[in-house]
Amino acid sequence: MDALQKLMFNFFPLLFLFPLAGLLLNVANGRFWHKPIAGIIASSAAGLSFVVAILQWVALLRQPDGTVIILGTWLQVGTLNVPFAFQVDTLSVTMMLVVTGIGTLIHLYAIGYMYGDPGVTRFFVYLNLFLVAMLLLVSAANYPLLFVGWEGVGLCSYLLIGFWFDRGEGGTGNANAGRKAFVVNRVGDLGLILAMGLLFWQLGTLTFDDVFAQATAVFPVGSPLIVAITLLLLLGAAGKSAQIPLFIWLPDAMAGPTPVSALIHAATMVTAGIYLIARSHVLFALAPVSQTAVSLIGASTALLAATIATAQFDIKRVLAYSTISQLGFMVAAIGMGAYVAGIFHLITHAFFKALLFLAAGSVIHGLEHGGHSDPVTLQDMGQMGGLRQRMPITFAVYLVGALALAGIPPLAGFFSKDEILAAAWQANRAVYIMLTLAAFATAFYMGRQVWLVFMGEARSETAVSAHESPPIMTIPLLILAALAIVGGGLNLPGVHTLGHWLGHTLGHGELLSFNATVALTATLLALLAVGLAYWLYGRHPLGAAATDPLTQRLGPLFVLFNQGWWVNEMVEWGIKRPFCHLSTVLAHSDEAIFAWAERQLVHTVQRGTAVLRRTQTGQLNWNVAGIIVGLLLIWLLLRFS
Amino acid sequence: MEFVTPTINILIVLPVLLVAGGGALLMLLELFMAEERVKQWAPTLAIIVLALAFLQTIGLWGQTHTTFTPEGSSPMVILDNFATFLNVIFLLTGFFTVLISVNYLPRVGLNRSEYYMLMLFSLSGMMLMGMANDLILVFLALEVLSIPLYILAGLSRPRPESEESAMKYFFLGAFSSAIFVFGIALTYGATGSTALPAVLAGVSNGGALALAGVAMMLVGFGFKVAAAPFHMWTPDVYEGAPTVVTAFMSVGAKVGGFAAMLRVFVSAFGSLGQTWVPAVAVIAAITLIIGNVVAIVQPNIKRMLAYSSIAHAGYILMAVAASVNSPDGVSAALFYMFAYLFTNLGAFAIAIAAERKLGEGVMLDDYKGLAKRSPLLALAMAYFMLSLTGIPPTGGFSGKFFVFRATLEAGLVWLAVVGVITSVVSGYYYLRVVYLMYMYDGEGELHTKPALLTAVALTVLATLVLGLLPGAWYEITKQAALQGLQVLAGG
Amino acid sequence: MDQILLDYLPIAVLIGIGIFFAVLLPSLSVSLGPKPPKDRNLAPYESGMVAIGEAQRRLPVKFYRIAVLFILFDVDIILLVPWAVAFRKLGVYGLVAMLIFMVMFILGDAWVWKKGVLEWE
């Protein structure tokens, strides 16, 4: 490690300190300031943090093996030693760059989007807090510290989903959505905690380097314990990254402000599960069963969510299911050992999905501030249409995002998705077929969305009066659009820039060659799907009160897709209701048995207390007697022990 | 017999001399200055003296010295990390007591010039408790500690409660001191010496005489730390004494008692360890049960905190009992006392802020609705209550954790079970304060002045730090315990 | 044998002196005191304490203050006498130690005086 590199690593703590300072400034002074200042402070904090991340990147360029930065001791209990240690290597720095880079753009965008909201200071405080937690998550060098970040982002997610806690269905809809996200995530967290417990029990350490070094020696390949550990880690990842069966919280999470959906529920936090598995790749390599489980879960999530997305009418719900589907792609990729492909897709997805969400936010903003604001219809694509002329920039960037997501070359999504498909082709045909079908559905629903929202004629008063959003919102959109176009260049087939870069952390060797058959199939299918969308929605633009033509074509399937395969209902009837019944039964038996016992206990304690109190007479004689009795007691104990 | 001058190193006892000298200086000032001026300057002077002593003490960390060594005998005074760490606790206790007293005393009309003087004298006694290497010096320190407290307890004369409190404390204190001295005499009879190393050497051959000495000294210490069944003075005295004195006593006298108890029992009576551990464990269990159970029904915050302090003596006694068979016992006790210092003084600081007039506003009902009128201080009080209950992330939790761990290590599983169960019980009365503050409406204001707020802020901060980063501090107590025990074991 | 008895002679003398004064003082007060004696002179304690009556009542504290001061001086003397005997052996060290003690003691006395403890009414 040369001196310059050391110097740059010295700046590492600033990565956290900037957003921390930003949020403290806003907490302390927010109420005295003119509102936009909070946004400017928060954005500068994020931007400065991005600069620090770049410094770390430059440092790694000089010597890419990375380092561990220890800032002090956090917990020292028995043999458990958890320092404030941070892993700076190619994987974590990549994540830092994504988090802070996209984060900065979204902060900027949010200044415009949240302008005039009374809670804007609170919003930016949460947003900065999220950055701190997310950076902690991706840079921790041991599981407990990662878990702190893990819980921190969960908390911020909860706070931001319920940011408008007085809105939503019946005035509590948004708050309920936040609670749902939190509770479902707890199920995943349990998996992570149990996995940490097992690891510590078996290895006596929770530091990444030590765990990975010892795991290969301690666990034989496929031993039940390592399978259990990795499956528990998978449960944790499934919670945070919205995989089957824990994905039901993410669509509801769209109740939060759109920048939140873009930052937390599309670009960064939901990728934590992928990061966790990629980081623990050594453990997964020891458990082939778990790897297969990971890729199957990812692929089936990708397909399931993609079908649901085809039949949604809420502009953000489409994107939410799309996010679940794309996360499925990434999970499937890392399950097959194609870590670089997974992380590559994570990065490009962060670009274009953040773009799509922000553009969708721009649409909502344009409708909301157009004079007619009816919150129920603001996100209903059936009420939009013809926004191409009224919001040209938004339309252009949305189109870029949609094409990138659909996997049309040469946009970013094409390259990353193609790598995943190529890996699946080699590893597991079932996964390949599911992912290809999902990719087809993806191109279709994005086409459907573009036509429904931007093409044809305006189908409501609100849509007629829509207008373009201010530059503070459109500039980040343009930057993200540019990234979505060129992002594929990060890991061009044959060049493998990202592959070599991540290889320093994830192990070299996984450099897939370009598979022309797979690429051609995927592209043709995508074009076919877009054509299908044009045939359904483009030829005869929908009228003001027309039903979706897909309703007739798919019949009962459409209902199935529209209702999200009734997964929510299944959870409701299969888990929540029985759980509530059990709770009721337990509550009654508690009332009958334990409350009675409790009352008896209280009576006993009260009687006992009364007796003990009577010894407290306050009379000197009695006190002296107590001392003498105590002396005798001690004497007896000493004599007969 | 030729008399040889003992070797004396004044530097070692300089912190004690500074504190006692500060008290003497206050006496001297009263001779030559108007009383009002003395009252005005006394707190500042006390803070300066404490700060100087603190600096000197910190400088002595890591060093081991003995002094006042008569020819051919063991030194009377020993200064090791154990003593230094305890001196830090005492000096901080003094510091916080001054901070919470400075506005309280004039407000309730108790601004007597002798208050700070007596406090400093008592502090010097406490400091000697940890440094004594001879039973005679232990007794001397015990009396220097106690006698000013007897007077302080009666400071709000002619209030009958206060006078009663002082009288009761004095009579029972004298009684227990007598037993204690008797214990020293018996120990001397059994071992032929009062120097701790010589006692250590001779006590295992001392037979019943030595056991009687151990029993009587245990009674003496048990009285000072308010362990059951020697606790009965505590509620009356804590209630009757002015609240600042109660605060000072609840930490200073208790830690002082434990300082000498650890020194004497763990080292001098160490070879009898297996014999006295059951006795101390039983005393600890009784103390835990009585303190925590009776605290439930107390309507008065001072009485409640009195029983609470009895209960906490029980937890520290657990660590004392564990110290024979576990290497973590002494350090757990030291850590517990360190955390208890901040938490308890912080809670008392708020109780003082809530006391409207002398003896008014000390009922639990007076805390109703505090959260609405003074959210930050109510939050601080809630935090102290959580810490006293032992809920993370607080110093109280860390302390309990270390104590329970040491108890389990020492094989006293039943005692740990009693400790955990009584901790749960304690949640009832501690959290009731929180409940009253947050769930009710009421009036009554808090008297907040900068000094008091500083004390609250510092104690909250310290409790938080001990809760979040217990590891580093435990290392320090570990060093204190290790070095202390080694020196003692080696004489 | 004789030697051992001789060693106890001072104690015997002390006992004798004790008996002498114990007899002398009461007889002096009987012979020289005013007659007939007043009620107060006949009371068991001349300290102002009433011997018969309720136990819980206020007591005049002045007597006790004086008594406590007397004990202090008493202890002072108890310490001074052996010191004086061993003065030469103890040397400068003893002198300094006793000086420190006396200074503290005198400071306490001065403080007590200043506080008005010695005033009777």
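What counts, and at which threshold
- Residues numbered from 1 in each chain as written.
- Chains lettered and ligands numbered in written order.
- Predicted model: local features only at pLDDT ≥ 70, side-chain atom pairs only at ≥ 80, totals over all residues.
- Helix = DSSP H or I, 4+ residues; strand = E, 2+ residues; numbered from the N terminus.
- Buried ≥ 20, exposed ≤ 12 C-beta atoms within 10 Å, placed from the backbone.
- Contact = placed C-beta atoms within 7 Å.
- Pairing = 2+ DSSP bridges.
- Core = buried A, V, L, I, M, F, W, Y, C linked by C-beta atoms within 7 Å.
- Expected span 1.5 Å × (residues − 1).
- Axes fitted to C-alpha atoms, helices over the stretch in contact; angles between N-to-C directions.
- Parallel < 35°, antiparallel > 145°, perpendicular 65-115°, else oblique.
- Nonpolar A, V, L, I, M, F, W, Y, C, P; charged D, E, K, R; others polar.
- pLDDT = per-residue confidence, 0-100.
- Left-handed = near helix turned anticlockwise from the far one by under 90°.

Chemist: What exactly am I supposed to notice about the overall build of chain C here?
Modeler: Counting its regular elements, chain C contains 5 helices and 0 strands. Reading the helices (α) and strands (β) of chain C from amino to carboxyl end gives α-α-α-α-α. The buried share among the 121 residues of chain C stands at 0%.

Chemist: Teacher, can you tell me more about the overall build of chain A here?
Modeler: For chain A, the helix and strand inventory stands at 28 helices and 2 strands. The buried share of chain A, reckoned over its 641 residues, is 52%. The contacts of chain A with a sequence gap of at least 6 include a subset with a gap of at least 24, amounting to 82%.

Chemist: Looking at this structure, how should I read the interface of chain B and chain A?
Modeler: Accessible area lost when the parts come together is the quantity often used to give the size of an interface. Every contact between the two is made by 33 residues of chain B and, on the other side, 24 residues of chain A. For the side of chain B that touches chain A, the secondary structure elements donating two or more residues are α6 (160-191), α8 (207-225), α9 (233-240), α11 (273-295) and α19 (470-490) of chain B. When residues in the side of chain B that touches chain A are grouped by element, the largest group, 9 residues, is from α8(B).

Chemist: What am I meant to see in the pairing of strand β1 (residues 67-77) of chain A here?
Modeler: The two faces of the sheet receive side chains in turn, since in a regular strand these alternate between them. All names here are of chain A. Sheet topology places β1 next to strand β2 (residues 80-88); 8 bridges connect them, and they run antiparallel. Considered in β2, the bridge of Ile-69 is made with Phe-86. Counted along the chain from β1 to the antiparallel partner β2, the turn is 2 residues long, and its residue Gly-78 has a positive phi close to 60°.

Chemist: Help me understand the nonpolar core in this model?
Modeler: Proteins that are soluble and globular tend to have nonpolar side chains buried together. Membership of the largest hydrophobic core comes to 218 residues, with the highest contact counts inside it found for A:Ala332, A:Ala354, A:Leu355, A:Leu435 and A:Ala484. Take this core: its biggest share by element is 20 residues, from helix α16 (residues 339-368) of chain A. Sequence-distant contacts of A:Ala332, defined by excluding residues within four places in its chain, comprise A:Ser295, A:Gly298, A:Ala299, A:Ala302, A:Ile420, A:Ala424, A:Val431 and A:Leu435. Counting 209 residues, the second-largest nonpolar core is a separate cluster that includes B:Val98, B:Phe121, B:Val251 and B:Leu345.

Chemist: I tried to follow the environment of B:Ser124 on my own but got confused; where do I start?
Modeler: Here B:Ser124 shows up in helix α4 (residues 114-131). As a C-alpha pair, B:Ser124 and B:Leu91 span 33 residues in sequence and 9.4 Å in three-dimensional space.

Chemist: Explain helix α13 (residues 329-354) of chain B here, please?
Modeler: One turn of the α-helix equals 3.6 residues, which is why residues spaced by three or four share an orientation. Its 26 residues place the ends of α13(B) 37 Å apart at the C-alpha level, agreeing with the 38 Å of an ideal helix rising 1.5 Å per residue. With respect to burial, α13(B) is a largely interior element, 26 of its 26 residues being buried.

Chemist: Looking at this structure, how should I read the environment of B:Thr459?
Modeler: You can see B:Thr459 is positioned in helix α18 (residues 450-468). Between the alpha carbons of B:Thr459 and B:Thr343 there is a distance of 6.5 Å; along the sequence they are 116 residues apart.

Chemist: I tried to follow the packing of helix α6 (residues 143-161) of chain A against helix α7 (residues 173-203) of chain A on my own but got confused; where do I start?
Modeler: If you want to describe how two helices pack, look at the angle between their axes and the distance between the axes. Residue and element names in this part refer to chain A. At a minimum axis separation of 8 Å, α6 and α7 run at an interaxial angle of 170°. When the interaxial angle is binned, α6 and α7 end up roughly antiparallel. On α7, the residues touching Tyr-143, Pro-144, Phe-147, Trp-150, Glu-151, Gly-154, Ser-157, Tyr-158 and Ile-161 of α6 are Asn-174, Ala-177, Gly-178, Ala-181, Phe-182, Asn-185, Asp-189, Leu-192, Met-196 and Leu-199. Tallied by class, residues from the contact of α6 with α7 come to 12 nonpolar, 5 polar and 2 charged.

Chemist: Got a minute to help me understand the interface of chain C and chain B in this structure?
Modeler: Every contact between the two is made by 8 residues of chain C and, on the other side, 7 residues of chain B. Looking at the side of chain C that touches chain B, its residues break down into 6 nonpolar, no polar and 2 charged.

Chemist: Explain helix α18 (residues 392-406) of chain A here, please?
Modeler: Residues and elements named next belong to chain A. Between its terminal C-alpha atoms α18 stretches 21 Å, which fits the 21 Å expected from 15 residues at 1.5 Å a residue. Extensive coverage of α18 is indicated by the burial of 11 of its 15 residues. Within α18 the residues assigned to the buried category are Thr-394, Phe-395, Val-397, Tyr-398, Val-400, Gly-401, Ala-402, Leu-403, Ala-404, Leu-405 and Ala-406. Taken from the residues just after α18, Gly-407 is the one with a positive phi, measuring 85°.

Chemist: Is there a simple way to explain unusual backbone geometry in this structure?
Modeler: In terms of backbone geometry, most residues other than glycine have negative phi values and most peptide bonds are trans. Between B:Ala228 and the following residue, B:Pro229, the backbone shows a cis peptide bond with an omega angle of -5°. Cis geometry is found at the peptide bond from B:Pro392 to B:Pro393, where omega equals 0°. Structurally, B:Pro393 can be placed in the loop between α15 (375-389) and α16 (395-409). Unlike most non-glycine residues, A:Ala242 shows phi in positive territory, near 55°. Positive phi is not limited to glycine here, since B:Ala226 has a value of about 65°.

Chemist: Please clarify how the confidence of the model for chain C should be interpreted in this entry.
Modeler: Low-confidence regions, as indicated by low pLDDT, have predicted coordinates that should not be scrutinised in detail. All names here are of chain C. Confidence in the prediction of chain C, expressed as mean pLDDT, is 83, and 92% of residues score 70 or more. Within chain C, helix α2 (residues 9-32) carries the highest mean pLDDT (90), whereas helix α3 (residues 39-42) carries the lowest (68). Here the complex is predicted with pTM 0.66, and the ipTM for its interfaces comes to 0.86.

Chemist: Looking at this structure, how should I read the packing of helix α4 (residues 62-85) of chain C against helix α5 (residues 87-114) of chain C?
Modeler: Residue and element names in this part refer to chain C. Direction vectors running N to C along α4 and α5 enclose 170°, while the axes themselves pass 10 Å from each other. Here α4 is positioned roughly antiparallel relative to α5, judged by the angle of their axes. At the point where α4 passes α5, the crossing takes the left-handed sense. Counted together, Leu-69, Asp-76, Trp-83 and Ala-84 of α4 and Phe-87, Leu-90, Gly-94, Met-98, Phe-105 and Val-112 of α5 form the full contact between these two elements. Split by residue class, the contact of α4 with α5 holds 8 nonpolar, 1 polar and 1 charged.

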